[in-house]
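# Remarks on the overall topology
So you can see what is in the structure, the chains are spelled out below.
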Amino acid sequence: AGGMAPAREGADGAPVVRRDGTGERRGGGDDSFFTPRAALLFAVLMVGALFWEEALEVRARAREVVFGERAVAPTFLAPRRAGVIVSGNEHDVDVDGAGTIVVSLPSGTPTDGTSFLDRGGEDKRRAAVTPKTETTALYAPGALLPLPPVPDEIGGTYRSLGKVRGLDGVPDVTKDASAVADAAKRRAHGGEIIILMANSAGCHLAANAIANLRSVGIEHYLLVTNTKETCEWMKKKSRSGGETAGWELECGWTSFLKGHPRLKTYGLLAEERADPFRLWWARFHLLERFVDLGLNAMYVDTDVSFRVNPYVLLKGPFREFHLIGQDETGGVDGVNIGFVYCQNCVRNGPSHRVLNETVQRMLQILEHEPGPVLRWDGQPALGAKEHLWDQHIYNDVLESAVFSRDLRRRSGQRLIDPNGKHRDEWLGSPVQNFPKPSDKRWDEFEVEVAASDVPVTKNGDKMILDPGVKKAKGKVLHCVGLDVPGYDADAKKENKTSTPTLTTPSACVTQEKFLASPPWFLAGWSGVAGDETYQGVLGRWNLDPPIVAVAHLVGALAKLQTLKQLGWWQYGAEAFKPPEVVGLSEIEKRLDRVGGLGVRNMVAASRRASGDVGAGVGEYGEQVARLVTLAVAIGRRPVVPEIECGAPWVGSDAKAFLRVKDRERVVLGTRCLAHGALVGDSEGVREASELDLGDTQKIAPGFLSCCASVNFACDEGVIWQVDLDSDPRLGGMRDDVEVLEVGRLPRTKGGGIDANATAAMFENNAQKKLLIVDVANANSPGVLPTVDNLSEEMRERVDLFFKTCDHLDCRPPKRPFPRDVDPCRAPR
């Protein structure tokens, strides 16, 4: 077959009420109030109120069962204000009649007017934070938060906010050609459309990605889920926050290849996982269809963050490139597909054919006859990633388009064998005749960045990019297909039959170019090609204005943790997790009614920690496990202190921002309050502006660098230090803190903390929303003791918590295993 193949068809939380705010009690004095009759009336009212509270809680639970709503039961006699005016550079929200309630968030606005990189590559910019002021709790933990408004000037010519239409209900956007066309008509703007994909486990990441697009003026996205139910949940949730929420997500779902008999053969029926293959294939199907409709189509992973609106660069210096992607290896067969963009691509031309051929080769493998694909050794090719991974197939097609030959070095029967020897022999075989490494290297081009091409951030600051001529890498693309003269369908055959004379298809006359994006435009966290300066693992993604236009967290090991550390997480997005994927929702709700429990002056998280890496990591993990055990046992949320980045066991590199580089253990952030509740008074804890790191590496005054654990990360249940300091919903905790010495906690005969006695002690005394245990005690210097004497109910609750957050379960004998970069497991 030649040419292009035909297309396949294929109510959150309790009501909030406004407090009167006067604080006055009208009527007679105290002596006139407490009469016997009044006392009796008061008692009756209190009993009735208790029954009322219980009834509301039962009602909330009933709604949860019937409607799937994760309702938060109201707090009796503690009404919350109805709205908020949020101050800051991008957070001016006026909520109905709330009065003036100030909640200042980090705006990222520069304070010194300097740039980050000069021509010598030195750091000239403070990290992307500014000092916070006092905050007030307005929302229950886990509730949907209003999105910040986007100034009118953000996005410029390429702004699409409010300029696209919603979909008609919850459609199957790949049902047939008319469904694809209708989705394109409604969601595209100015000939542009961006595709996002999500299963139920990734709803919160998709919501955060959409909030990110919105922050740079983009609304022309199409979110596609793997089931109708998941899309319905997201649409309903996005409209549950009131008129000021601003989410109003739009999505459709896809039935593409659903029910295909070979999905079971290749073990691909499970879709609620990190590798939903059917959903991945649907992205290329939609990309190809949208290009066929004449659109400039982009796909981005949900771990991609636009630090600026990228269109000014795509339409400026990169206007001569048609197919754009991310370079991982420095050569043609190593392109990451977390970002794919096809602009000005001729229908049936070279770039369009790359997308079409990618889908067709996937179908060829999926529907291979007379039976499933076999491995190099003749055995059935089980394990879809070996031969059906769309990134492998796409790279093979891209290589074919560069060399005008049908090449399949990464997909199909070119499979991964356990030892690698057969694979290497197969790749290097003269019979396969693959292009040499030197031939695969990118060609060099030049692009010119005008001053007007430098994009601005959501705060109005220009990205750090000097105008002028820049190097760019890529390759010229040719049309793939048997209808193209000179295209070699089987380069391996020694005796080739002559091909009848063909006429070049008109769409293939003009060559198109692929751009291997320079890292200042599209950067990865680690393990990607290009100048390492721009990789996130070196810490410079913390700086603002940004040094990259688009950041892709490929290579990051704890992505939600990383997004929070960088300040790129939109709090409220986690509310989009469907109830069935939140393992600790019930426990969280119970614990949130009481408050949190944290620890400070923990030696394992400080500069006084062990210099032995394995010992240091293990001690920190065990201390966190003790904190989680104590907090959950006594009915509070664990509030986990992050690690001083100068701790001896944290990896360092002189080339990195603040000298921190430790991809497998920690992720650097600069958003911890210098005088936050979890910050201890050890000698190593000082404001970052006082650190002796030179004038070119400073964090905004009032903040500290802090390193969050990667191998002990958990995305629910716990409150990390960056959450405590940044999440507007935790303002009540920040404002209501009590610090107590660890020596005040009841002990067992063995010296451990008595969980039962501690719970009783707190129950019988007035409690603050946030209790901080200070372990800087002579009897236990910097160490939280073991937690003992748990009741059966406590133990069950703690075990359930650790079952969900198993990476945090460092209770002995578990320890980081088999290496110190791994989560805690029982050593074999």
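The text that follows walks through the structure, step by step, so that each part is easy to find. (Residues numbered from 1 in each chain as written. Predicted model: local features only at pLDDT ≥ 70, side-chain atom pairs only at ≥ 80, totals over all residues. Heavy atoms only, no water.)

## Examining the overall build of the protein
Here is the rule: Secondary structure follows DSSP: runs of H or I at least 4 residues long count as helices, runs of E at least 2 residues long count as strands, and numbering of each begins at the N terminus. Relative accessibility thresholds used throughout: buried, under 20% of the residue-type maximum; exposed, over 50%; partly exposed, between the two (1.4 Å probe, protein chains only). Per-residue accessibility takes into account occlusion by the displayed protein chains alone, with areas from the Shrake-Rupley method and a 1.4 Å probe.
Regarding its fold elements, the protein presents 19 helices and 25 strands. The buried share among the 828 residues of the protein stands at 57%. When the accessible area of the protein is evaluated, it comes to approximately 34700 Å², of which 51% is carbon and sulfur surface.

## Details of the state of the cysteines
Basically, it comes down to this: In plain terms, two cysteine sulfur atoms within 2.5 Å form what is called a disulfide here.
Within this structure, the stated rule accounts for 7 disulfides. Disulfide pairing places Cys-714 opposite Cys-805 at an S-S distance of 1.8 Å. Measuring handedness by torsion sign, the sulfur bridge of Cys-714 and Cys-805 sits at about -60 degrees and is left-handed. Of this pair, Cys-714 sits in the loop between strand S16 (703-709) and strand S17 (719-720) while Cys-805 is found in the loop between helix H19 (792-804) and strand S24 (815-816), placing the two residues 91 residues apart along the sequence. Overall, Cys-714 belongs to the buried group, its relative accessible area being 9%. Residue classification places Cys-805 among the buried residues on the basis of a relative accessible area of 1%. For Cys-810, the disulfide goes to Cys-824, at an S-S distance of 2.0 Å.

## Here's the deal with the pattern of salt bridges
Note the threshold: Any Lys or Arg side-chain nitrogen located within 4 Å of an Asp or Glu carboxyl oxygen qualifies as a salt bridge.
A full pass over the atoms with the stated rule returns 40 salt bridges. With a closest N to O distance of 2.8 Å, Arg-347 and Asp-292 form a salt bridge. Taken together, the residues span a long stretch of sequence, with Arg-347 in the loop between strand S7 (335-342) and helix H9 (350-366) and Asp-292 in helix H7 (residues 277-292) at a distance of 55 residues. Here Glu-357 and Arg-361 are joined by a salt bridge, their closest N and O atoms 3.0 Å apart. Note that Glu-357 and Arg-361 are positioned in helix H9 at a spacing of 4 residues, about one turn of the helix. Each member of the pair, Glu-357 as well as Arg-361, carries the same accessibility label: buried. Ionic contacts of the salt-bridge type, sharing partners, join the residues Glu-288, Arg-289, Asp-292 and Arg-347 into one network.

## With respect to the nonpolar core
Counted only if it meets this: In these notes, a set of buried Ala, Val, Leu, Ile, Met, Phe, Trp, Tyr and Cys residues joined through side-chain atoms within 4.5 Å is what counts as a nonpolar core.
Trp-247, Phe-306, Phe-339, Phe-521 and Tyr-620 are the most contacted members of the largest nonpolar core, which has 142 residues in total. In this structure, Tyr-266, Val-332, Ile-365 and Val-397 belong to the second largest nonpolar core, which totals 61 residues.

## Regarding the sheet that holds S17
To keep things clear, this is the line we draw: Pairs of strands are assigned from DSSP output, requiring at least two bridges between the strands.
Strand order in the open sheet formed by 5 strands is S17-S14-S13-S20-S18, with parallel pairing between adjacent strands. The open sheet has two free edges, formed respectively by S17 and strand S18 (737-741), since each of these has just one partner strand. Inspection of the sheet shows strand S14 (residues 637-640) paired to S17 by 2 bridges, in the parallel sense. Counterpart to Val-639 in the pairing with S17 is Ile-719.

## Description of the sheet that holds strand S4 (residues 296-300)
Formally: In this description, a line fitted to the C-alpha atoms serves as the axis of each element, helices being fitted only across the stretch in contact, and the angle between N-to-C directions of two axes falls anywhere from 0 to 180 degrees. Contacts: residue pairs with any heavy atoms within 4.5 Å of one another.
The strand order across the open sheet built from 9 strands is S3-S2-S1-S4-S7-S6-S10-S9-S8, with neighbouring strands paired in mixed fashion. Each of the sheet's edge strands pairs with one partner strand only, and the pair in question is strand S3 (251-253) and strand S8 (443-449). Between one strand axis and the next, the sheet turns by 35 degrees as a mean value, whatever way the strands run. Relative to strand S10 (residues 512-516), strand S9 (residues 468-477) runs antiparallel, the two being bridged by 5 bridges. The partner of Leu-477 across the bridge, within S10, is Glu-512. The sheet contacts of helix H4 (residues 203-215) involve strand S1 (192-198) and strand S2 (221-225), and relative to S1 the element is tilted by about 160 degrees.

## Here we look at the side chain of Arg-361
Heads up, the rule is: Whenever a nitrogen or oxygen atom comes within 3.5 Å of another N or O atom, the pair is scored as a polar contact, on the condition that within protein one atom can donate a hydrogen and the other can accept it, and that pairs from neighbouring residues in sequence are kept only if both atoms are in side chains.
Arg-361 sits in the buried class, given a relative accessible area of 1%. One polar contact links the side chain of Arg-361 to the main-chain carbonyl oxygen of Leu-407, over a distance of 2.9 Å.

## A short note on the pairing of strand S20 (residues 770-774)
Of all the 5 residues making up S20, 5 are buried; the element is thus mostly covered by neighbouring parts of the structure. The alternating pattern of S20 places Leu-770, Ile-772 and Asp-774 and Leu-771 and Val-773 on opposite faces, both of which are buried. Here strand S13 (residues 596-600) runs beside S20; their pairing, made up of 5 bridges, is parallel. Within the sheet, the bridge partner assigned to Gly-598 lies in S20 and is Ile-772. As defined by bridge partners, S18 adjoins S20 across 5 bridges and the pair is classed as parallel. When the bridges of S20 are listed, Leu-740 appears paired with Val-773.

## Quick look at helix H15 (residues 613-633)
The test is simple: Under the convention used throughout, the expected extent of a helix is 1.5 Å for every residue step, that is, one less than its residue count.
Here H15 contains 21 residues, and its C-alpha end-to-end distance of 30 Å stays within 8% of the 30 Å for a straight helix at 1.5 Å per residue. By the criterion of burial, H15 is predominantly enclosed, with 16 of the 21 residues buried. For H15, the N-terminal capping position is held by Asp-612, with its side-chain oxygen 3.2 Å away from the main-chain nitrogen of Gly-614. Just past H15, the residue Gly-635 takes up positive phi, approximately 90 degrees.

## Topic: unusual backbone geometry
That bond from Pro-812 to Pro-813 is cis: its omega, 10 degrees, falls within 30 degrees of zero. Backbone torsion omega between Phe-817 and Pro-818 reads 5 degrees, so that peptide bond is classified as cis. The topology assignment puts Pro-818 in the loop between S24 and strand S25 (824-825). With a phi angle near 55 degrees, Leu-658 is a residue other than glycine that sits in the positive phi range.

## Brief notes about helix H18 (residues 755-763)
The condition that has to hold: What the arc measures is the spread of directions leading from the helix axis to the C-beta atoms.
Turning to H18, its buried residues number three or more, namely Ala-755, Thr-758, Ala-759 and Phe-762. The arc that holds every buried residue of H18, seen down its axis, measures 100 degrees, which confines them to one face. Residues of H18 that are buried make contact with H15, S18, strand S19 (753-754), S20, strand S23 (787-788) and H19. The opening residue of H18 is Asp-754, an N-cap whose side-chain oxygen sits 3.2 Å from the backbone nitrogen of Asn-756.

## Remarks on the side chain of Glu-271
By the secondary structure assignment, Glu-271 is in the loop between helix H6 (261-265) and H7. Of the polar contacts made by the side chain of Glu-271, one reaches the side chain of Asn-226; its length is 3.1 Å. Glu-271 has contacts with Asn-199, Asn-226, Lys-258, Pro-276 and Arg-278, leaving out every residue within four places of it along the chain.

## Re the layout of surface pockets
Once rolled over the atoms, a probe with the size of a water molecule shows which space is left empty. Heads up, the condition is: Of the grid points, spaced at 1 Å and generated over the protein atoms alone, those admitting a 1.4 Å probe that cannot get out make up cavities, while open sets with protein on both sides within 12 Å along at least five of seven lines make up pockets; any residue with an atom within 4 Å of a point is treated as lining. Grid points are joined across faces, edges and corners, and a volume is the space filled by probe spheres set on the points. Classification convention: Asp, Glu, Lys, Arg as charged; Ala, Val, Leu, Ile, Met, Phe, Trp, Tyr, Cys, Pro as nonpolar; all other residues, Gly among them, as polar.
Volume-wise, the largest pocket comes out at about 1500 Å³. Lining the largest pocket we find 49 residues, and of these Leu-205, Ala-274, Asp-275, Asp-303 and Lys-559 sit closest to its centre. Of all the secondary-structure elements, those providing two or more residues to the lining of the largest pocket are S1, H4, H7, S4, S7, helix H10 (390-403) and helix H13 (559-566). The residue makeup of the lining of the largest pocket, split by class, is 21 nonpolar, 13 polar and 15 charged.

## Examining the packing of aromatic side chains
Selection rule: Note on ring pairs: Phe, Tyr and Trp rings are taken, using the six-membered ring of Trp, and paired if centres are within 6.5 Å. Classes follow the plane angle, with under 30 degrees stacked, over 60 edge-to-face and the rest tilted. Working rule: Lys NZ or Arg CZ, within 6 Å of ring centre, within 35 degrees of ring normal, means a charge sits over the ring.
Counting across every chain of the model gives 16 aromatic pairs. Considering the side-chain rings of Phe-318 and Trp-520, the 5.7 Å spacing of their centres and the 25 degrees angle between planes classify their relative orientation as stacked. With Phe-318 in the loop between helix H8 (311-314) and strand S6 (323-327) and Trp-520 in the loop between S10 and strand S11 (522-524), the pair connects residues that are 202 residues apart, well separated along the chain. The residues Phe-318 and Trp-520 share a single accessibility class, namely buried. Seen in terms of ring centroids, Trp-525 and Trp-541 are 5.4 Å apart; in terms of plane orientation they differ by 75 degrees. Their pairing is edge-to-face. Taken as a pair, Trp-525 in the loop between S11 and strand S12 (550-552) and Trp-541 in the loop between S11 and S12 lie far apart in primary sequence, 16 residues in all. Given the relative accessible area of 6%, Trp-525 is considered buried. Among the aromatic residues, those joined into a cluster by ring pairs are Phe-318, Phe-339, Trp-520 and Phe-521. When the ring centre of Phe-321 is taken as origin, the NZ or CZ atom of Lys-513, which lies over that ring, is 5.0 Å away.

## A short note on the environment of Leu-279
Inspection of the secondary structure assignment puts Leu-279 in helix H7. The spatial distance from the C-alpha of Leu-279 to the C-alpha of Thr-227 is 9.8 Å, given a sequence separation of 52 residues.

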